[in-house]
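Chain by chain, the residues:
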Amino acid sequence: MSEQIIPMVDLRNQSLPIPPLLLPLMLSQPTLDMRGRLLRDLRISVTDRCNFRCSYCMPKEVFHKDYPYLPHSALLTFEEITRTAQSFVALGVQKIRLTGGEPLLRKNLEILIEQLAALRTPEGLPLDITLTTNGSLLARKAQALKDAGLQRVTVSLDGLDDSVFRKMNDADFPVADVLAGIEAAQSAGLKHIKVNMVVKRGTNEHEILPMAKHFRGTGVTLRFIEYMDVGATNGWRMDEVFASAQVIALLRTELPLVKLAASAPGETAQRWGYTNALGEFDPSLGEIGVISSVTQAFCGDCNRARLSTEGQLYLCLFASQGYDLRSLIRSDVTVLGLTEKLAAIWHARDDRYSELRSLMHTDSSEKPARKRVEMSYIGG
């Protein structure tokens, strides 16, 4: 086997200029980008650190013990995050997801959740506050997170076989502790719990059926994610992608499924429900989802913005550069001024990386950028 060379590409401090305001700010009007896509979902990374070293996200060869993580002074404070989120909410954001790295490594995260849970949309409605975690600290923190105002949680889990899971997280962390975290989240009253499984051909596709059988009928929604070319350090290859269509075909060999309608505009996952003996969807058995960013691009209705832990705004998971909001946030800008700048950035958005990737084999004139921000820095 040839030695793998993992390139080191650090895009954390490369920023695009913030565009001037393209249109007068009209908060009563939908905030649309150049492709007519609404702004509805804000994903906030609260730390660039993680206690796992999953090869598809933070390979140990790059993120070693001497890796230069961001200093605490570079991170947005909880108050800065909340003030920025308030401007996003004014522009139409209805859902906020906290990510990392591993977000539960950020000290006193419950304080931030309390602040975000107090925000209201222009219509006076509460936000959908959720969090994505590797589950390693969830058992001890689930109740405090729920008490602070967290509504939902998504747990990353790439297999039930302990040896497979330890190999994939590359931190020798046992699968039993993640399962205990999921149970704790259910006991705490967190609703609509999801489990995300990244499927990498040759590594864990044999865990697809065991995972589905384990979570079927438990109230937990299992989602299978195609192995993606996020960042520049995971050594991604197309031949390691196990397509969502193959996932569904494999599941249907033992578990009858029926396709379900999307639950919300811009939803990333295609939904499939388990059926009863009559071939009808049985809600008591639950559902699964497949996220097909590689084989079935969903750029057309993407409504997500991403705020990094140091205040860089990214408009695509596969972005090469972000917009420096930290300098703006730490200036004397008013709430209205910040909101206007965010509106201008979204109005100028034209990102469609996954669609361009799909054109690579048919149109050599359109190729996606090679250098992309790391998922551990921007969040999933």
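Quick note: structure is the one above.
Source: prediction; values computed, not measured.

### Re the pairing of strand E5 (residues 152–156)
So, point 1. Counting buried positions along E5 yields 4 of 5 residues, so the element is predominantly enclosed.
So, point 2. Bridge analysis of strand E4 (residues 128–133) against E5 gives 4 bridges, and the strand direction is parallel. From the neighbouring strand, Thr-132 faces E5, where its bridge partner is Thr-154.
So, point 3. Handedness of the crossover joining E4 and E5 through helix H3 (residues 138–148): right-handed.
So, point 4. As paired elements, E5 and strand E6 (residues 191–199) share 4 bridges and run parallel to each other. Within E6, the position partnered with Val-155 by the bridge is Val-195.

### What to know about the packing of aromatic side chains
So, point 1. The tally for this structure, following the rule as stated, stands at 4 aromatic pairs.
So, point 2. For the ring pair Phe-63 and Tyr-67, a centre distance of 4.7 Å and an interplane angle of 50° mean the geometry is tilted.
So, point 3. On the basis of relative accessibility, which here comes to 11%, the residue Tyr-67 falls in the buried class.
So, point 4. With a centroid separation of 4.9 Å and an interplanar angle of 70°, the aromatic rings of Tyr-67 and Tyr-69 are classed as edge-to-face.

### A closer look at the environment of Val-195
So, point 1. Relative to the helices and strands, Val-195 resides in strand E6.
So, point 2. Each C-alpha atom, one on Val-195 and one on Thr-154, is 5.6 Å from the other, the two residues being 41 residues apart in sequence.
So, point 3. Among all residues touching Val-195, those that are not within four sequence positions of it are Val-155, Leu-157, Ile-182, Met-211, Phe-215, Val-220, Thr-221, Leu-222 and Arg-223.

Rules of the game
Residue numbering note: each chain is counted from 1, following its sequence as written. A pLDDT threshold of at least 70 governs which residues receive local features in this predicted model, and a stricter bar of 80 or more applies before side-chain atom pairs are shown or counted, although totals over entire chains, interfaces and linings include all residues. To get the side-chain values, all heavy atoms of the structure are used, and hydrogens and water are removed first. The buried label goes to any residue with under 20% of its type's maximum accessible area, the exposed label to any with over 50%, and the partly exposed label to all in between, with areas taken from a 1.4 Å probe on protein chains only. Numbered from the N terminus, helices here are DSSP runs of H or I no shorter than four residues, and strands are runs of E no shorter than two. Criterion used throughout: strands pair if DSSP finds at least two bridges between them. A clockwise path from the first strand over the helix to the second, with the strands pointing away from the viewer, defines a right-handed crossover. Between the rings of Phe, Tyr and Trp (Trp by its six-membered ring), a pair exists once the centres lie within 6.5 Å; its type follows the angle of the planes, with under 30 degrees stacked, over 60 edge-to-face, and the other angles tilted. Contact criterion: two residues are considered in contact whenever any of their non-hydrogen atoms come within 4.5 Å of each other.

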